[in-house]
Amino acid sequence: MCLLLQVILALMYVGWRIRKEYFMIRPKDTPKGSKHVLSYSEPGHSQLLSEKDLTTSLRLLPTIQHPNIAPTIYASFNGTGAVILRPFFPDGSLRDIIYKAKPTAPFMKKYSSRKSPKGLGIVEIRHFGRQILEGVKFLMERGMLVGHLHSGNVFIERGICKLSDIETAFLSLPAFYKTSLSEFKKIQSREHEVVYAFGLILYEMGCGCMMKTPAMVEVSSACNPEVRALLESFLTASALKSGLPSVEQLISNPLFAGVETSSEKPQLKVSSKLKEVLRQVRETEEAEMLEMARKVGQVKKAEKDKSRQISKEEKAKRVREQWRAEKAKNKSMSESKHKTASSLPPPAPAAPPVASPAPPTAPAAPPEPPAPQQPQPAGQRGALLSSIAGFKKGGLKKAQTNDRSAPKV
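Our subject in this report is the structure included herewith. Given the structure is predicted, the values throughout are model-derived calculations rather than measurements. For every chain, the first residue of its written sequence is number 1, and the numbers climb from 1 along that sequence. Restriction of local features to residues with pLDDT of at least 70 applies here, the model being predicted, together with a cutoff of 80 or more for giving and counting side-chain atom pairs; totals for whole chains, interfaces and linings are based on all residues. Heavy atoms throughout the structure, all of them, feed into the side-chain values; hydrogens and water do not.

1. Focus on the packing of helix α4 (residues 122-141) against helix α7 (residues 190-207)
Definition in use: For helices, the axis comes from a line fit to the C-alpha atoms of the stretch in contact; other axes are also lines fit to C-alpha atoms, and the angle between any two N-to-C directions lies between 0 and 180 degrees. Secondary structure elements follow DSSP: runs of H or I of four or more residues count as helices, runs of E of two or more count as strands, with numbering from the N terminus. Any angle from 65 to 115 degrees is called roughly perpendicular, while one under 35 is roughly parallel, one over 145 is roughly antiparallel, and all others are oblique. Put simply, a crossing is left-handed when the front helix is turned counterclockwise from the back one by less than a right angle, and right-handed when it is turned clockwise. We call two residues in contact whenever any of their non-hydrogen atoms come within 4.5 Å of each other. Residue polarity follows a fixed list, in which Ala, Val, Leu, Ile, Met, Phe, Trp, Tyr, Cys and Pro are nonpolar, Asp, Glu, Lys and Arg are charged, and the others, Gly among them, are polar.
One can describe the packing of α4 onto α7 by two numbers: an axis separation of 11 Å at closest approach and a directional angle of 165 degrees. Taken together, the axes of α4 and α7 lie roughly antiparallel to each other. Relative to α7, α4 is oriented so that their crossing is right-handed. Contacts between α4 and α7 involve Ile125, Phe128, Gly129, Ile132, Leu133, Val136 and Met140 on the former and, on the latter, Glu191, Val194, Phe198, Ile201, Leu202, Met205 and Gly206. Taken together, the residues of the contact of α4 with α7 break down into 11 nonpolar, 2 polar and 1 charged.

2. With respect to the sheet that holds strand β2 (residues 20-27)
Just so we agree on the cut-off: Note: two strands are recorded as paired if DSSP finds a minimum of 2 bridges between them.
Judged by pairing direction, the sheet is antiparallel, and its 5 strands sit side by side in the order β1-β2-β3-β5-β4 without closing on themselves. Each of the sheet's edge strands pairs with one partner strand only, and the pair in question is β1 (5-11) and β4 (74-77). Looking at each pair of strands side by side, their axes are set apart by 25 degrees on average, direction ignored. Sheet topology places β2 next to strand β3 (residues 36-41); 6 bridges connect them, and they run antiparallel. Across the sheet, Tyr22 pairs through a bridge with Ser39, a residue of β3. Against the sheet, helix α1 (residues 51-60) makes contact with β4 and β5 (82-87), and its axis sits at roughly 180 degrees relative to β4, the strand it touches most.

3. Structural notes on the side chain of Ser164
Just so we agree on the cut-off: Accessible area is worked out with a 1.4 Å probe on protein chains only. A residue is then buried under 20% of its type maximum, exposed over 50%, and partly exposed in between. We define a polar contact as two N or O atoms separated by no more than 3.5 Å, with the added condition that, inside protein, one atom must be a possible hydrogen donor and the other a possible acceptor, whereas residues neighbouring each other in sequence contribute only through side-chain atom pairs.
Considering the arrangement of structural elements, one finds Ser164 in the loop between β7 (160-163) and α5 (167-170). Taking relative accessible area as the criterion, Ser164 reaches 6% and is therefore assigned buried. At 3.0 Å, the side chain of Ser164 and the side chain of Asp165 are in polar contact. Contact partners of Ser164, with chain neighbours within four places excluded, come to Ala70, Arg86, Asn153 and Phe155.

4. Here's the deal with the pattern of salt bridges
For clarity, the cut-off: In the sections that follow, a salt bridge refers to a side-chain nitrogen of Lys or Arg positioned within 4 Å of a carboxyl oxygen of Asp or Glu.
Across all of its chains, the model carries 15 salt bridges by this definition. In this structure, Lys162 and Glu157 form a salt bridge, with 4.0 Å as the shortest nitrogen-oxygen distance. Since its relative accessible area comes to 12%, Lys162 is described here as buried. It is possible to trace a salt-bridge network through shared partners that takes in Lys20, Arg86, Asp165 and Glu167.

5. A look at the pairing of β4
Examined bridge by bridge, β4 and β5 share 4 bridges and lie antiparallel to one another. By the bridge assignment, Tyr74 is partnered in β5 with Leu85. A loop of 4 residues connects β4 with β5, the two strands running antiparallel in sequence, and Gly79 in this loop sits at a positive phi of about 100 degrees.

6. Let's talk about the nonpolar core
The line we're drawing: Side-chain atoms within 4.5 Å are what join buried Ala, Val, Leu, Ile, Met, Phe, Trp, Tyr and Cys residues into a set we call a nonpolar core.
In terms of nonpolar packing, the biggest core is built from 79 residues, with Leu94, Ile132, Leu149 and Tyr196 touching the most fellow members. The element best represented in this core is α7, accounting for 11 residues. Each residue touching Leu94, except ones within four places of it in the same chain, is listed here: Leu120, Phe128, Ile132, Ser151, Val154, Ile156, Ile201 and Met205. Residues Leu11, Val14, Tyr22 and Met24 belong to the second largest nonpolar core, which totals 5 residues.

7. With respect to the packing of α7 against helix α8 (residues 225-234)
Packing of α7 against α8 brings their axes to within 10 Å, and their N-to-C directions diverge by 150 degrees. Here α8 runs roughly antiparallel to α7, going by the angle between their axes. Here α7 and α8 pass one another in a crossing that is left-handed. On α8, the residues touching Val195, Gly199, Leu202, Tyr203 and Gly206 of α7 are Val227, Leu230, Leu231 and Phe234.

8. Some details on unusual backbone geometry
The phi dihedral of Arg158 is positive, around 55 degrees, even though this residue is not glycine. Since its relative accessible area comes to 72%, Arg158 is described here as exposed.

9. A look at the environment of Phe77
Tracing the sequence through the fold places Phe77 in strand β4. By relative accessible area, Phe77 is classed as buried at 13%. Taking the C-alpha atoms as reference points, Phe77 and Thr55, separated by 22 residues in sequence, lie 5.7 Å from one another. Dropping the residues within four chain positions of it, Phe77 is found in contact with Pro43, Glu51, Leu54, Thr55, Leu58 and Ala82.

10. Overview of the packing of aromatic side chains
Short version of the rule: Here a Phe, Tyr or Trp ring, Trp counted by its six-membered ring, pairs with any other such ring whose centre lies within 6.5 Å, and the pair is stacked when the planes are under 30 degrees apart, edge-to-face when over 60, and tilted otherwise. Cation placement over rings: the criterion is NZ of Lys or CZ of Arg within 6 Å of the ring centroid and within 35° of the ring normal.
All chains considered together, the criterion is met by 7 aromatic pairs. Their ring planes at 50 degrees and their centres at 6.1 Å tell us that Phe184 and Tyr196 sit as a pair that is tilted. Highlighted residues: Phe184 in the loop between α6 (178-181) and α7 and Tyr196 in helix α7, separated in sequence by 12 residues. Here the two residues Phe184 and Tyr196 agree in accessibility, since each one is buried. Among the aromatic residues, those joined into a cluster by ring pairs are Tyr99, Phe107 and Tyr111. Geometry around Tyr111 places Arg95 over its ring, the cationic atom sitting 5.6 Å from the centre. Residue placement shows Arg95 over the ring face of Phe176; its charged tip is 5.2 Å from the ring centre.

As structure tokens, this is what we get:
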């Protein structure tokens, strides 16, 4: 098949993949106002399909007829990458509608921030959710590889959802939410991956913004109670640990069960040989998912043990540092007190008390002049001194005492 294409515009960074390019083109055999989108993407590093099987799988895309799957005009593999041609949807993707963004604007400009997020109405959420589940169910029943489901790959045409970019599963490219998948051990199959991705879309439709954590932590108060209840049943951390529902169980949920579906008969024929190849690829990918979850669990356990060990050592270190700080503080206070006491000047002597003035007294009489002493003769003085020097206590006579201190009766 040879196509003559006219490039209208290079859509720079319109998607989140760096190695995927988009062009707005017009086939020359179509009316002047018609627009199409041509995409080119290289296979992933862990490509599982051979070039022959990949080419065969891509050729199936133009043969898919389903009201909830975007039509593919042309798909081929040129040895280095996949070339896909699809119609341009002026309304944009489901994410463009939620964010009220221009479809051809760069990815970061459209979705990097939103000041006042607002979700869709409950009627739109019910219809869009059921249509997405119907498209996924059809592909799974035909044995196709299903993955890379997010609101940017769901286009809206006259109020009807159409799944797109199905070829990314054949190219073994990493999913938009791959880092989140490895956080949960219960996500062990392609169906679990699709259900988890659908939960992210449902959250986005209900809350008006993308979920920023692997598991749902909180829901906006503006979210519809029915939508909140369904999200809490399988998207919270505790619910993800217990397991995920199947696609059939989500379809039978009261939120989507009463929605009318299209009566158009879908068509897709896949050979038994290709079904077997795709089954083997699916099993290999699921085994890789389990291995990745096991490795992530080992890393988390090692980090947890290391944090416990560090916490014990850190606790002992903090006790030592606290003891040293208290010791240094006490020493500093002691030195400060000693230094303060030695630097103080000696206390000043107390001032003598001020005596009250005595009352005036009469002038005292002048003292009498001392009587003149009579000189003693030298002989008498010597005799007195010799008598004193020769005094002996034993020479005294005993005296009798008459005690009269007793009372008289």
